[in-house]
Amino acid sequence: MNTLDGKRILVTGALGQIGSELVHGLRRRYGKDLVVASDIRYAPPEESQEMEPFAYVDCTNETQISEAIRRWDVGTVFHLASLLSAAAEAKPHVAWNLNMGGLYRVLEIARENNLAVFFPSSIGAFGPSTPSVKTPQDTIQRPTTIYGVTKVAGELLCDYYFQRFGVDTRGVRYPGLISHIAPPGGGTTDYAVDIFYEAIRHGRYTCFLSAETRLDMMYMPDALDAAIDLMAADADRLVHRNAFNVTGMSFTPEELTSEIRKHLPRFEIDYQIDPVRQAIADSWPDSLDDSAARAEWDWSPRYDLPMMVEDMLRQLEVKLSAGDGAGVKGNTR
Ligand code: AKB
C-alpha cells in the first residue's frame, strides 16, 4: 500500500458497519495519524474523539472527495460509502447515485492522483441463475436487485480502471457481516446481528427471513483482515485483483438459533417473513468458493459458526449490561 511512502489512508463511509471497525483495524496496523475517517455525518459526541482525524466527505460530491485527498495527502482509499440491499431497493435512484456515482468519482480521483482503491463487493453481486452452492469465483452474475447491479458494475469498473489506467484497485465480495460493535442498517443479512441483541435483551426474536434460508456469512474480525491483508498483498501474485470471493461460514436462521441455544437454552424464535428481503435472500448464494483468495493472497478466516456465536454473546452481554442494562432480561447463560 502507498502508506509505505508515508501517505495517508482515507476511509469513506467510516461511521457505517464496516467502517467504524476498519478505521480502528487500520490504525492498529499503520498508526492513528495515517488513517483519516470520513462520512456524511459526524460521530456521536462520545465517539468523536476516537474518530479523529475525521473529514466530512459526501461521496456524491467530487469536490469534497478531492479536497480531502489533497488536504490529508492520501495514497489509499477504502471506499465503503454505499446503501445496503434492502435500503437500496427502497430507494433505487439514491442507491445508483451513491453506490455507482460515488465509486466512479473515487476512481476518477484515484486515476488523477495515483491512489490505490479498496472496493467491497458482495454476495449481492450474484443472482438466481448463479450456482448457489460453493459459488465459483468466476461465474454467472445476473443479480435482480439494484444493489447487486451496482456491485457487479462496480467490480467491472474497478477491473477497467486497473487494466486501462493502471489504478491499483482491489476488492472482495463480502457475505453477510456479523459484529457486536456497529449495527448494520438496511441489509438483508441484518437478522444475523439483530438476533443476538434480542436473544440477550428479551430471550426471543422474530425473524424476517424463513427458518431455512441459507446464506453465506462472516464475523467482522475476518472481514477486517480480508480488506487490510488484500491491500497489503504482493500485487504480482494477484490474478483477479477485484471481487475475490471470501467466506467465513454458511447457516440458516434455524441453525443459528440452535447454536445460540447452546448458550441460552430458553431462547425462542418465530418468523414473520418480509417478502422484499426474503426475495433478495433467495436470489443470493448459500455458500461461496473462496479458493482464489486463498491461493492468491493467503486468505484464511479464523471464525466458524460456534466460535462466532460464543464471542458475539460474550461481547454483547458485557456491552448491554454496561451501557444498556435496562434492556437485559436475565436470559443469561
Ligand atoms: C446486505 O445484506 O445488503 C449486505 C450484503 C450481503 O451485502 N450485508
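Residues numbered from 1 in each chain as written. Predicted model: local features only at pLDDT ≥ 70, side-chain atom pairs only at ≥ 80, totals over all residues. Heavy atoms only, no water.

Enquirer: Lay out the overall build of the protein with the relevant residues and their values.
Expert: For the protein, the count of helices and strands is twelve helices and 14 strands. What you see for the protein is a C-alpha radius of gyration of 19 Å, in line with the 20 Å of a compact globule of 333 residues. If you line up the protein on its principal axes, its C-alpha atoms span 55 × 45 × 40 Å. By the burial criterion, 56% of the 333 residues in the protein qualify as buried. By sequence separation, contacts in the protein at least 24 residues apart represent 77% of the contacts at least 6 residues apart. Side chains of the protein carry 33 positive and 46 negative charges; the gap between the two charge centres is 2 Å. (Helix = DSSP H or I, 4+ residues; strand = E, 2+ residues; numbered from the N terminus. Rg over C-alpha atoms; globule rule 2.2 N^0.38 Å. Buried < 20%, exposed > 50% of the residue type's maximum accessible area, 1.4 Å probe, protein only. Contact = heavy atoms within 4.5 Å. Lys, Arg positive; Asp, Glu negative; His and termini not counted. Charge placed at Lys NZ, Arg CZ, Asp CG, Glu CD.)

Enquirer: Could you give an account of the domain arrangement of the protein, with specific residues and numbers?
Expert: In terms of domains, the protein is made up of domain 1 (2-176 + 219-245) and domain 2 (177-217 + 248-284 + 304-324). The straight-line distance from the C-alpha centre of domain 1 to that of domain 2 is 25 Å. The partner domain 2 presents 27 residues to the 24 residues of domain 1 that form the contact. Taken together, both faces of the contact between domain 1 and domain 2 bury some 2,000 Å²; the carbon and sulfur share is 66%. Of all residues in domain 1, the largest losses of buried area upon contact with domain 2 belong to Gln 17, Gly 176 and Tyr 219, amounting jointly to 39% of the total for that side. Where domain 1 meets domain 2, there are zero salt bridges. Elements with a minimum of two residues in the side of domain 1 that touches domain 2: helix H1 (19-30), helix H4 (85-90) and helix H8 (220-232). Of the residues forming the side of domain 1 that touches domain 2, the biggest block, four residues, is contributed by H4. Here the residues of the side of domain 1 that touches domain 2 sort into 13 nonpolar, nine polar and two charged. (Domains from an automatic or database assignment. Buried area = accessible area lost by both parts, 1.4 Å probe. Salt bridge = Lys/Arg side-chain N within 4 Å of Asp/Glu carboxyl O. Nonpolar A, V, L, I, M, F, W, Y, C, P; charged D, E, K, R; others polar.)

Enquirer: If you had to explain the environment of Ser 291 to someone new, which residues and values would you point to?
Expert: For Ser 291, the location among the structural elements is in helix H11 (residues 291-297). For Ser 291, a relative accessible area of 41% translates into the label partly exposed.

Enquirer: If you had to explain the sheet that holds strand E13 (residues 249-251) to someone new, which residues and values would you point to?
Expert: Judged by pairing direction, the sheet is mixed, and its three strands sit side by side in the order E9-E11-E13 without closing on themselves. Edge positions in the sheet fall to strand E9 (176-178) and E13, since each of these pairs with one other strand and no more. The sheet shows a mean angle of 40° between the axes of neighbouring strands, direction not considered. Relative to E13, strand E11 (residues 215-219) runs antiparallel, the two sharing three bridges. Looking across to E13, one finds that Met 217 is bridged to Met 249. In the packing of H8 onto the sheet, contacts are made with E9 and E11, and the angle to E11 comes to roughly 85°. (Pairing = 2+ DSSP bridges. Axes fitted to C-alpha atoms, helices over the stretch in contact; angles between N-to-C directions.)

Enquirer: I'd like to hear about the state of the cysteines, residue by residue, with values.
Expert: As enumerated under the stated definition, the model contains zero disulfides in all. In this model Cys 158 remains outside any disulfide bridge; the closest cysteine sulfur is found in Cys 59, 13 Å from its own. Of the residues examined, Cys 158 reaches a relative accessible area of 0% and is grouped as buried. (Disulfide = S-S within 2.5 Å.)

Enquirer: So what's going on with the site of the ligand? Residues and values would help.
Expert: Taken together, Leu 84, Ser 85, Ser 122, Ile 123, Tyr 147, Gly 187, Thr 188, Thr 189 and Trp 284 make up the full set of residues adjacent to the ligand. Ser 85 places a side-chain nitrogen or oxygen 2.6 Å from an oxygen atom of the ligand. Note that an oxygen atom of the ligand is positioned 2.6 Å from one of the side-chain N or O atoms of Tyr 147. In isolation the ligand has 250 Å² of accessible area, and contact with the protein removes 94% of it. (Near = heavy atom within 4 Å. Polar contact = N/O pair within 3.5 Å; in protein donor to acceptor, adjacent residues only side chain to side chain. Areas by Shrake-Rupley, 256 points an atom, 1.4 Å probe, with all protein chains shown as cover.)

Enquirer: Report on the packing of helix H9 (residues 253-261) against helix H12 (residues 305-323), specifying residues and quantitative values.
Expert: Following both chains from N to C, one finds H9 and H12 inclined at 60°, their axes separated by 10 Å at the closest point. Considering their axes alone, H9 and H12 lie oblique with respect to each other. For H9 against H12, the interelement crossing comes out right-handed. Contacts between H9 and H12 involve Glu 255, Leu 256, Glu 259 and Ile 260 from the former and Leu 305, Pro 306, Met 308, Val 309 and Leu 313 from the latter. (Parallel < 35°, antiparallel > 145°, perpendicular 65-115°, else oblique. Left-handed = near helix turned anticlockwise from the far one by under 90°.)

Enquirer: Lay out the nonpolar core in plain terms, naming residues and giving numbers.
Expert: Ranked by size, the top nonpolar core spans 41 residues in total, and within it Ile 178, Tyr 191, Phe 196, Phe 251, Leu 256, Ile 260 and Met 308 carry the most contacts. When residues of this core are traced back to their parent elements, those giving at least two are helix H6 (146-165), helix H7 (191-202), strand E10 (204-207), E11, E13, H9, helix H10 (275-282) and H12. Residue contributions to this core reach at least three from each of two domains, namely domain 1 (2-176 + 219-245) and domain 2 (177-217 + 248-284 + 304-324). Once residues within four sequence positions are removed from consideration, Ile 178 is found in contact with Gln 17, Ala 192, Val 193, Phe 196, Met 217, Met 218, Tyr 219, Met 220, Phe 251, Met 308 and Met 312. With 37 residues, the next largest nonpolar core counts Ile 18, Leu 26, Leu 230 and Ala 233 among its residues. (Core = buried A, V, L, I, M, F, W, Y, C linked by side-chain atoms within 4.5 Å.)

Enquirer: How would you explain the environment of Val 23 if you had to name every residue and give the values?
Expert: Locating Val 23 in the fold gives a position in helix H1. Taking relative accessible area as the criterion, Val 23 reaches 0% and is therefore assigned buried. The contact partners of Val 23, leaving out residues within four places of it in the chain, are Val 11, Ala 14, Val 35, Ala 37 and Met 51.

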